[in-house]
Amino acid sequence: MKIRLVNAGVFTPVEDLKAALTAPAEGFYWIDADTDDLALLQPVFGLHDLAVEDCLSEEEQRPKIEIYENHYFIVVNSIRFDDEEIFLRALNIFLGRHFIITVTKQKINELRAVKPILWEQEVSEPDRFLYLLVDLVVDNYFLVGDRIEDKIEKLEEDILVHTKRSHLSEIIGLRSEILWLKKMLGPQKEVINVLNKKDLRLIDDQLQKYFSDIYENAVKISENFDTFRELMGNLREAYQSSIANRANEIMRVFTAITTIFIPLTLITGIYGMNFENMPEIHTEYGYFIVLGIMLTLGLGMFYLFRKKDWI
């Protein structure tokens, strides 16, 4: 657990947790903690039992905002994409009048990225810290969306150039990830809408208007993932069409080869009959003549099929 006094974007480490109980003359306290620290934090700051229980829960947390007497409890999902799987990591935030507590189970990049922004903008209020942090979380969805779009385009090119059976599992996996993300984006969008529109005494009225920009971005992200879902459906159709075309091409080649060998089989079948009195059976060069006829017939049919683009 790290306790910092933040004033005009400058961080001052604080050793005594109880010092954060009293509002500082200037600035606010930022406590960056993990779930193990909640046992110490709850009695000191009077964190609500249900909020603490949500932080400790092993189940996947849906984004939400809960308003208590002396603090707000906000859950937003940070996103991460490693080209194989999409991860959502819950960022639990307790917002008070003079403090903000962030509780996470894993490292979240936005908490590290927000530090230079706090210094650059000389932030001294916890509600503004909340705004900047949520803004970073939402902006990161755009970056992940761009990478998903690139992956879809690359997958489409690979399918058109050379379809593989492994492409189907990639399509199904990525589509399920997108549907899952779309499901989680709805509650997160509503949380931001509450921060934008609801009368919240711990958030300055002037600052609250800025959350409307974040909400618009959240709506755009949701629309982007709707588009991704449609693209994945088109990609699956393209895969199935490509597989069907390959099967047709293979069948066409097999049919052409079979057609070429039918007359050759007929000739060899006739000359394979065991009769003594057959035409040309005693011809000195009959064997080579028949082979020549068969070769000429086979090559002629092959040329004809190639000319008509049948093989």
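This report concerns the structure included in the present document. (Residues numbered from 1 in each chain as written. Predicted model: local features only at pLDDT ≥ 70, side-chain atom pairs only at ≥ 80, totals over all residues. Heavy atoms only, no water.)

## Considering the overall build of the chain
- A tally of regular secondary structure across the chain gives 8 helices and 7 strands.
- On C-alpha atoms alone, the chain measures out to a radius of gyration of 35 Å, which is more than a quarter above the 19 Å that the 2.2 N^0.38 rule sets for 311 residues.
- Over its C-alpha atoms, taken along the principal directions, the chain stretches across nearly 120 × 35 × 30 Å.
- Looking at the chain residue by residue over its 311 residues, the buried ones come to 41%. (Helix = DSSP H or I, 4+ residues; strand = E, 2+ residues; numbered from the N terminus. Rg over C-alpha atoms; globule rule 2.2 N^0.38 Å. Buried < 20%, exposed > 50% of the residue type's maximum accessible area, 1.4 Å probe, protein only.)

## Observations concerning the packing of helix α3 (residues 109–120) against helix α4 (residues 126–161)
- Running from N to C, α3 and α4 cross one another at 130°; their axes reach a closest spacing of 10 Å. In terms of their interaxial angle, α3 and α4 are classed as oblique. Helix-helix and strand crossings are classified by hand; for α3 and α4 the assignment is right-handed. Across from E110, L111, A113, V114, I117 and L118 in α3, the residues of α4 making contact are F129, L132, L133, L136, V137 and N140.
- Taken together, the residues that form the contact of α3 with α4 break down as 10 nonpolar, 1 polar and 1 charged. (Axes fitted to C-alpha atoms, helices over the stretch in contact; angles between N-to-C directions. Parallel < 35°, antiparallel > 145°, perpendicular 65-115°, else oblique. Left-handed = near helix turned anticlockwise from the far one by under 90°. Contact = heavy atoms within 4.5 Å. Nonpolar A, V, L, I, M, F, W, Y, C, P; charged D, E, K, R; others polar.)

## Quick look at the environment of L41
- Structurally, L41 can be placed in helix α1 (residues 38–45).
- The spacing of L41 and M1 is 40 residues in sequence and 9.9 Å in space, taken between C-alpha atoms.

## A closer look at a negative patch on the surface
- Taken together, the side chains of D146, E149, D150, E153, E156 and E157 make up a negatively charged region of the molecular surface.
- Here E149 is to be found in helix α4. (Patch = residues over 30% accessible without salt bridge, like charges linked within 9 Å, V, L, I, M, F, W, Y side chains within 5 Å. Areas by Shrake-Rupley, 256 points an atom, 1.4 Å probe, with all protein chains shown as cover. Salt bridge = Lys/Arg side-chain N within 4 Å of Asp/Glu carboxyl O. Lys, Arg positive; Asp, Glu negative; His and termini not counted. Charge placed at Lys NZ, Arg CZ, Asp CG, Glu CD.)

## Some words on the environment of V253
- By the element assignment, V253 lies in helix α7 (residues 211–271).
- Here V253 falls in the partly exposed class, since its relative accessible area comes to 33%.

## Quick word on the pairing of strand β5 (residues 72–81)
- The buried fraction of β5 amounts to 9 of the 10 residues, a majority that puts the element mostly inside the structure.
- The pairing of strand β4 (residues 64–67) with β5 spans 4 bridges and is antiparallel. Counterpart to E66 in the pairing with β5 is F73.
- Following β4, the chain reverses through 4 residues before pairing antiparallel with β5. (Pairing = 2+ DSSP bridges.)

## So, a nonpolar patch on the surface
- On the surface, I250, M251, V253, F254, I257 and F261 cluster together to form a nonpolar patch covering roughly 560 Å² of accessible area.
- Mapped onto the secondary structure, F254 falls in helix α7.

## A look at the sheet that holds β4
- The 7 strands lie next to each other as β2-β1-β3-β7-β6-β5-β4, forming an open sheet whose pairing is mixed. Every interior strand has two partners, whereas the edge strands, β2 (10–13) and β4, have only one. Strand-to-strand twist of the sheet, defined as the mean angle between neighbouring strand axes without regard to direction, takes the value 25°.
- Direction of pairing for strand β3 (residues 28–34) relative to strand β7 (residues 99–104): parallel, over a ladder of 6 bridges. Following the sheet pairing, W30 is matched in β7 by I100.
- Relative to the sheet, α3 contacts β1 (2–7), β2, β3, β5, β6 (86–95) and β7, its axis offset from that of β3 by approximately 165°.
- Sheet strands in contact with helix α5 (residues 166–197) are β4, β5 and β6, and its direction is about 145° off that of β5.

## A word on the pairing of β6
- Of all 10 residues making up β6, 8 are buried, and the element is well covered by its neighbours.
- Here β5 runs beside β6; their pairing, made up of 10 bridges, is antiparallel. From the neighbouring strand, Y72 faces β6, where its bridge partner is L95.
- Where β6 and β7 come together, 4 bridges link them in antiparallel fashion. By the bridge assignment for β7, L95 is matched with I100.
- Turn length for the β6-β7 hairpin, with the two strands adjacent in sequence and antiparallel, is 3 residues.

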